[in-house]
Amino acid sequence: MALPSKTQAKIWSVAAVLTLAVLWFLGPQLLPFVMGAAIAYLLDPVADRLEAAGLSRALSVAVISLVAVLVFAICLLLIIPSLVSQSVSFVEALPGYLQAFRDFLAARFPDQLQEGSALQQGLSTVIETLKSRGGELLNTALSSAMSFVNVLTLIVIVPVVSVYLLVDWDRMIARIDELLPRDHAPAIRRIAGEIDETLSGFIRGQGTVCLIMGAYYAIGLMLTGLNFGLLIGTLAGIVTFIPFVGAILGGVLAIGVSIVQFWDTPLMIGAVAGVFFLGQFLEGNLITPKLVGESVGLHPVWLLLALSVFGAIFGFVGLLVAVPLAAMIGVLVRFFVDQYKTGRLYLGYEALTRRPGAPDPQHDRPDPTESP
């Protein structure tokens, strides 16, 4: 006999509350395991394809691990030091760029930058703050990040967790399937399939788009000779998963820097702007439709809300799990909306009784004249 609906609702509610409590209290400790599980999930299709090609699961994971080590070594030796160096230089140079921007405005809009005006005071305050505390804020952020995501976590724990989970991924999924409540197993499998489809389309597909666009923006800006081109291009690529935000953020930074750097060469400013216009065209018409598809059910506003809420509540771990949880919540909401639209609350009594096989309303409908 199945448990009553109210009892089941209580059980699932308690499970959800316990999960949130674990994330809240053990967030930093769970970080390497969350990252390891995410990496294993992303690489599982690659391992499946290598198995289909004739390799064993263990050998497939070994090949993937070797390639990952090589990619990590290249990034560690070539890309990451340059990004850190450009980040420090950009923060140090930012007051100068703002000062040049203020001079540009003063030359063309002198009425708006008169002594004592709100715009003039605001720009002066920002410039002085960046001069006095910009480097300090960057060093604090970098030191906090390194204390939070320490070297041991990055080099040892995350790869070990990823390898173990990747080796046992299929068996783990099968075991979880065995533990599903038998009455609800078909519905849970269907919901899990929709969640997996959404995550596959967004995280794997959009993640690939971010890598491609980040490489394109970085290479394109460096070819134009723009200062901090690698940093700006990488930043634009990372934020590309939110439509238009990456291009707008990177474009504003790149064009702002190019105006100061190429003041007397308008053609180079146009070249920098052209990198982003061409990138948006390629992303919107070729890359994203090919890799992600028409829609994966995650609206940009919903993504921004999820990142803001989960990041504020659970910190860095919240940012990591925001997109997967947003996808899960979106699928669950659509499921419950479908259930609601087939129920009596939405359709009403008359609509339900007109269905084929529905009980006779003359016999089953309560008589309003009868006393309770």
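Residues numbered from 1 in each chain as written. Predicted model: local features only at pLDDT ≥ 70, side-chain atom pairs only at ≥ 80, totals over all residues. Heavy atoms only, no water.

Asker: How would you summarise a nonpolar patch on the surface if you had to cite specific residues and measurements?
Answerer: Residues Phe-72, Ile-74, Leu-76, Leu-77, Leu-78, Ile-79, Ile-80, Val-84, Ile-155, Val-156, Val-160 and Tyr-164 make up a contiguous nonpolar surface patch of about 1,100 Å² in total accessible area. Per-element accounting of the nonpolar patch gives the leading share, 8 residues, to helix α3 (residues 57–108). Along the chain, the position of Leu-78 falls in helix α3. By relative accessible area, which is 58% here, Leu-78 ends up exposed. (Patch = residues over 30% accessible without salt bridge, like charges linked within 9 Å, V, L, I, M, F, W, Y side chains within 5 Å. Areas by Shrake-Rupley, 256 points an atom, 1.4 Å probe, with all protein chains shown as cover. Salt bridge = Lys/Arg side-chain N within 4 Å of Asp/Glu carboxyl O. Helix = DSSP H or I, 4+ residues; strand = E, 2+ residues; numbered from the N terminus. Buried < 20%, exposed > 50% of the residue type's maximum accessible area, 1.4 Å probe, protein only.)

Asker: Give me the lowdown on the pattern of salt bridges, citing residues and values where you can.
Answerer: For the structure on display, the rule yields 8 salt bridges. Here Arg-57 ties to Asp-170 by a salt bridge, and the two come within 3.6 Å at their closest N and O atoms. Here Arg-57 is found in helix α3, whereas its partner Asp-170 is found in helix α6 (residues 169–178), with 113 residues between them in sequence. Residue Asp-177 is joined to Arg-189 by a salt bridge in which the shortest nitrogen-to-oxygen separation is 2.7 Å. Separated by 12 residues along the polypeptide, Asp-177 in helix α6 and Arg-189 in helix α7 (residues 185–223) bring together distant segments of the chain. Note on Asp-177: relative accessible area 27%, which makes it partly exposed. Overall, the relative accessible area of 39% leaves Arg-189 in the partly exposed class.

Asker: Requested: an account of the packing of aromatic side chains, with residues and values cited.
Answerer: Using the criterion set out here, one finds 4 aromatic pairs in the structure. Measuring from ring centre to ring centre gives 6.2 Å for Tyr-41 and Trp-169, while their planes differ by 50 degrees; the resulting arrangement is tilted. Here the residue Tyr-41 occupies a position in helix α2 (residues 27–52), and Trp-169 occupies one in helix α6, the gap between them amounting to 128 residues. The pair formed by Tyr-41 and Trp-169 is uniform in burial state, with each residue classed as buried. (Phe/Tyr/Trp six-rings, centres within 6.5 Å; stacked < 30°, edge-to-face > 60°.)

Asker: I'd like to hear about the side chain of Thr-240, residue by residue, with values.
Answerer: Considering the arrangement of structural elements, one finds Thr-240 in the loop between α8 (229–238) and α9 (245–261). On the basis of relative accessibility, which here comes to 4%, the residue Thr-240 falls in the buried class. A polar contact of 3.2 Å, which involves the side chain of Thr-240, links it to the backbone oxygen of Gly-237. Contact partners of Thr-240, with chain neighbours within four places excluded, come to Gln-206, Val-209, Cys-210, Met-213, Tyr-217, Gly-246 and Glu-283. (Polar contact = N/O pair within 3.5 Å; in protein donor to acceptor, adjacent residues only side chain to side chain. Contact = heavy atoms within 4.5 Å.)

Asker: Residues and numbers for the confidence of the model for the protein chain, please.
Answerer: Here the protein chain averages 76 in pLDDT, while 74% of its residues score no lower than 70. When pLDDT is averaged over each element of the protein chain, α6 comes out on top at 89 and helix α13 (residues 361–364) at the bottom at 49. Scored below 50 in pLDDT, residues 368–372 makes 0 contacts in the model with residues more than four places away or belonging to other chains. (pLDDT = per-residue confidence, 0-100.)

Asker: An account of the packing of α9 against helix α10 (residues 266–291) is requested, with residue identities and associated values reported.
Answerer: Any two packed helices are characterised by how steeply their axes cross, that is the angle between the axes, and by the distance between the axes. Orientation of α9 relative to α10, taken along the N-to-C sense of each, is 170 degrees, at an axis distance of 9 Å. With respect to their mutual orientation, α9 and α10 come out roughly antiparallel. Judged by residue contacts, Ala-247, Gly-250, Gly-251, Ala-254, Ile-255, Ser-258 and Ile-259 of α9 engage Ile-269, Val-272, Ala-273, Phe-276 and Gln-280 from α10. Counted by class, the contact of α9 with α10 contains 8 nonpolar, 4 polar and no charged residues. (Axes fitted to C-alpha atoms, helices over the stretch in contact; angles between N-to-C directions. Parallel < 35°, antiparallel > 145°, perpendicular 65-115°, else oblique. Nonpolar A, V, L, I, M, F, W, Y, C, P; charged D, E, K, R; others polar.)

Asker: Mind laying out the side chain of Asp-44, listing which residues take part and the relevant values?
Answerer: Inspection of the secondary structure puts Asp-44 in helix α2. The class of Asp-44 is buried, set by a relative accessible area of 10%. Here the side chain of Asp-44 touches Arg-57 through a polar contact of 2.8 Å, side chain to side chain. If we ignore the near neighbours within four places in the chain, the residues touching Asp-44 are Arg-57, Leu-166, Trp-169 and Asp-170.

Asker: How would you explain α9 if you had to name every residue and give the values?
Answerer: Helix length check: α9, at 17 residues, gives a terminal C-alpha distance of 24 Å against a target of 24 Å (1.5 Å per residue), a fit within 8%. Regarding α9, the residues found buried are Gly-246, Ala-247, Gly-250, Gly-251, Ala-254, Val-257 and Ser-258. Angular distribution of buried residues about the axis of α9 spans 145 degrees; they occupy a single face of the element. For α9, exposure combined with an orientation more than 90 degrees from the buried face picks out Ile-248 and Val-252. (Expected span 1.5 Å × (residues − 1). Arc of directions from axis to C-beta.)

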